[in-house]
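Reading the structure
Chain residues, written in single-letter form:
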Amino acid sequence: MEGPVTGTGPSADEKTREMVSRYLPPEKVAPFLDFERTHLGEHIVISMRPEHWLSSDLGPA
């Protein structure tokens, strides 16, 4: 994705939970969040306005 950055700031727990919930099954969210807090250090959020993106369907043909 390409586009201008519209803001930056510290990561908030609710935003992290929202994003993680998109990609992990519900029973894996809490353990991942615990791991992230204890092993991955501080995070930031970068917001942007997408103007161009490249995507691909990697599913079965």
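The structure reproduced in this document is the subject of the present report. The structure presented is a predicted model; accordingly, all values stated were derived computationally and were not measured. (Residues numbered from 1 in each chain as written. Predicted model: local features only at pLDDT ≥ 70, side-chain atom pairs only at ≥ 80, totals over all residues. Heavy atoms only, no water.)

**Section: a nonpolar patch on the surface**
Let me state the cut-off plainly: Surface patches are defined over residues having more than 30% relative accessible area and no salt bridge, joining like charges when they lie within 9 Å and nonpolar side chains (Val, Leu, Ile, Met, Phe, Trp, Tyr) when within 5 Å. Calculation of accessible area relied on Shrake-Rupley with a 1.4 Å probe; when residues are assessed, cover is drawn exclusively from the protein chains displayed. A pair is scored as a salt bridge if a Lys or Arg side-chain nitrogen falls within 4 Å of a carboxyl oxygen belonging to Asp or Glu. Only DSSP runs of H or I covering at least 4 residues are called helices, and only runs of E covering at least 2 are called strands; the numbering of each starts at the N terminus. Burial classes: relative accessible area under 20% of the type maximum marks a residue as buried, over 50% as exposed, and values in between as partly exposed (1.4 Å probe, protein chains only).
Taken together, Met1, Val5, Ile44, Ile46, Met48 and Trp53 make up a surface patch of nonpolar side chains, about 720 Å² in accessible area. Broken down by element, the nonpolar patch gets its largest block of residues, three residues, from strand S2 (residues 44–48). Within the secondary structure layout, valine 5 lies in strand S1 (residues 5–10). Overall, valine 5 belongs to the exposed group, its relative accessible area being 54%.

**Here's the deal with the layout of surface pockets**
Applied cut-off: Cavities and pockets are found on a 1 Å grid laid over the protein atoms alone: a cavity is a set of points where a 1.4 Å probe fits but cannot escape, a pocket is an open set with protein on both sides within 12 Å along at least five of seven lines, and a lining residue has an atom within 4 Å of such a point. Grid points are joined across faces, edges and corners, and a volume is the space filled by probe spheres set on the points. Gly is put with the polar residues, along with every residue not named as nonpolar or charged; the nonpolar set is Ala, Val, Leu, Ile, Met, Phe, Trp, Tyr, Cys and Pro, and the charged set is Asp, Glu, Lys and Arg.
Here the largest pocket is characterised by a volume of approximately 320 Å³. Lining the largest pocket are 14 residues, and of these Lys15, Thr16, Met19, Ile44 and Val45 sit closest to its centre. For the lining of the largest pocket, the elements supplying multiple residues, two or more each, are helix H1 (13–23), helix H2 (26–39) and S2. The dominant element in the lining of the largest pocket, judged by the number of residues it contributes, is H1, at six residues. Its residues assigned to classes, the lining of the largest pocket shows six nonpolar, four polar and four charged.

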